[in-house]
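# Secondary and tertiary structure notes
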Amino acid sequence: MTNKYGQTWDLDVIFPGGSDSSELSEYAQKAEQALQEWKQALEDFQVPDESANPAGLLSIVEKWEGSAKRVFEVVAFVECLVAQDVTDKKAKQWSGKKDELMAAYSGTLTGVDKVITQVPQQTWEQMLEKDELINYAFVLEERRKEAAEKLSPEQEVLLNDLAIDGYHGWGSMYDTIVSSIQVPLEIDGEEKTYSVGQAANKLDAADRKVRQHVFGRMQEAWTEKEDFFAETLNHLAGFRLQTYKHRKWENVLKEPLAYNRMSQQTLDAMWGAISDEKDTFVKYLQRKADLLGLEKLSWYDIDAPLSSTTKQVTYDEAADFIVKHFRAYSTQMADFSQQAFEKRWIEAEDRNSKRPGGFCTSFPDKKESRIFMTFSGTANNVSTLAHELGHAYHSYAMNDVEQLNQEYAMNVAETASTLAELIVSDAAVKEAAAKDEKVALIEEKIQRSIAFFMNIHARFLFETRFYEERKNGLVSAARLRELMVEAQKEAYSDQLGEYDPTFWASKLHFYATDVPFYNFPYTFGFLFSTGIYAKAAENPETFESSYNALLEDTGRMTVEDLAMKHLQEDLTQKDFWLKAIEVCKQDVEEFLRLTAE
Ligand SMILES: [Zn+2]
């Protein structure tokens, strides 16, 4: 039987020849040249007189866009090379080159801050109103405002340099401690040691005794090193708080909120709505406990499988299924995805030497995307494929938008992907013939709600409280354990028999230094797209055009403006969030019906 769609991607249309490509080398030189021209434009810049002539700033913007496009094109290609074959040594070399280009890019961005903060306010406002610059007003104003709230450019440069061995140093110290941990496990009568990642994979075993054993041993392993983790976390947080103090920022959420272009009110409304609606999800946890024959679930039971019935699908079937169901929502999304399959934009082959995981990356110059994943025929693979196609569609929807207006934050980055995944997973539930299969598919959906409304809520509660305490001095490992269990109890409405007091040590996200508070944007993204999904059901005729318009705007306004303009919804109020949660509650209700008796 021949396959309808190829399962390896076509990278040659971008740069032929893989990591040996001479076209790639030539292109990377062009990227370097673009960076040089951008630096030159920054040096040439002079603060304009009263005429507020925008030419100097416009030149900077143009060179900035040219650099961004070329640098990101190389970055995307190198990411693809490394992922498709981890043994490709030339690709690794390219990876070093890619890091250099990115470092040069970020360095030059600091130069932009220096230039734009020099312009007097009135002249600045006049410049942004000029036709040539008006489209960039939001992004430029945002940058200038952020730069103004920081320390002087010289101090910020010093801070960044010190952060390499301070702040980021603690971040990588975390990885070092984690990689030193060995978990001894006795499985099937055989005693062996595992890395924490390998051990964690065994936590979803069907046999509760195995889960209990793995959980217990992992607790011991994390606890054994808890003083190292506590020290690392305290210094990392201390660095961050010290920086905020010098910048005179009082709220620890200031930075993550600004980064996600959202207000505290919106964040409060979202968590408020979730807290109001936990009862339904509590019912799910109780039912699951019943089904597993338990009084209460423990931390390690939440992800336990209820059955092992999973239907296998071929890649071609998955492709046709996705395209068919996208079509019910948007012809453009369906046609786009059909093309992605036909033109081989997707690397899905199940083979060794590929990196694990999945991603979607876009080529801003070529205006194409590539999706990376490993397809082995599970329902989960089909969701991942839909998810990544959603990301690719988001890039496609932004093709005609200026480069600088294409950079969206983490909380809206998952809008299109989550929506695409929702469409496909809902369709899979509807089409499932066997009851077992239906239950398994619905549970997979509910698990995501539990993760976003409870697990991530616990992370958020813990992290905000920890940072408050840290302001007054070091927080001990014992106190961190306490804070963590408190947060989990609250987030899971006191429904679990046993919690995970070591979660503050085992969860990588608390130690991430690229973005602070790596938690609430996930929940935001999930509910934001679920809210759009609910809207699509209300207005199927106008969905496609308003959805495309929303995606186009994701890089150039606040999330509140985005929702008001395209959904006529006020994110600072609970209503929107409650409507989105309602969609998730329906899954639980169906689950409860199907598993009654
Ligand atoms: Zn994603």
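Residues numbered from 1 in each chain as written. Predicted model: local features only at pLDDT ≥ 70, side-chain atom pairs only at ≥ 80, totals over all residues. Heavy atoms only, no water.

### A short note on helix 1 (residues 22-44)
Owing to its 3.6 residues per turn, the α-helix aligns residues three or four sequence positions apart on the same side. Taking 1.5 Å of rise per residue, the 23 residues of helix 1 would be expected to cover 33 Å, and the 33 Å separating its terminal C-alpha atoms lies within 8% of that figure. N-capping of helix 1 is provided by serine 21, with a side-chain oxygen placed 3.3 Å from the backbone N of glutamate 23. (Helix = DSSP H or I, 4+ residues; strand = E, 2+ residues; numbered from the N terminus. Expected span 1.5 Å × (residues − 1). Polar contact = N/O pair within 3.5 Å; in protein donor to acceptor, adjacent residues only side chain to side chain.)

### Some words on the coordination of the zinc ion
Of the protein atoms, only His387 (NE2), His391 (NE2), Glu414 (OE) and Glu414 (OE) coordinate the zinc ion, at distances of 2.1 to 2.6 Å. One way to put it: the four donor atoms around the zinc ion meet at angles of 53 to 138°, and that makes the site irregular. For the zinc ion, the single-chain donor residues occur in sequence as H-x3-H-x22-E. Of the two residues, histidine 387 and histidine 391 both sit in helix 16 (residues 379-397), four residues apart, roughly one turn of that helix. Both residues of the pair, histidine 387 and histidine 391, count as buried. (Donors = N, O, S within 2.8 Å, 3.2 Å for Na, K, Ca; no water. Tetrahedral: all angles 85-135°; square planar, octahedral: opposite > 155°, others 65-115°. Buried < 20%, exposed > 50% of the residue type's maximum accessible area, 1.4 Å probe, protein only.)

### Quick look at the sheet that holds strand 4 (residues 346-347)
With respect to topology, three strands assemble into an open sheet ordered 4-6-5, the strand pairing being mixed. Of all the strands in the sheet, the pair left with one neighbour each is strand 4 and strand 5 (359-363). One ladder, built from two bridges, connects strand 4 with strand 6 (residues 368-372); its direction is parallel. Within strand 6, the residue paired with isoleucine 346 across the bridge is isoleucine 371. (Pairing = 2+ DSSP bridges.)

### Focus: the side chain of asparagine 519
Along the chain, asparagine 519 turns up in the loop between helix 21 (503-506) and helix 22 (520-538). Polar contacts involving the side chain of asparagine 519 include one to the side chain of glutamate 463, which spans 2.7 Å. Once you skip the residues sitting within four places of it in the chain, asparagine 519 turns out to touch Ile456, Arg459, Phe460 and Glu463. (Contact = heavy atoms within 4.5 Å.)

Keep in mind that these numbers describe shape and distance, not what the molecule does.
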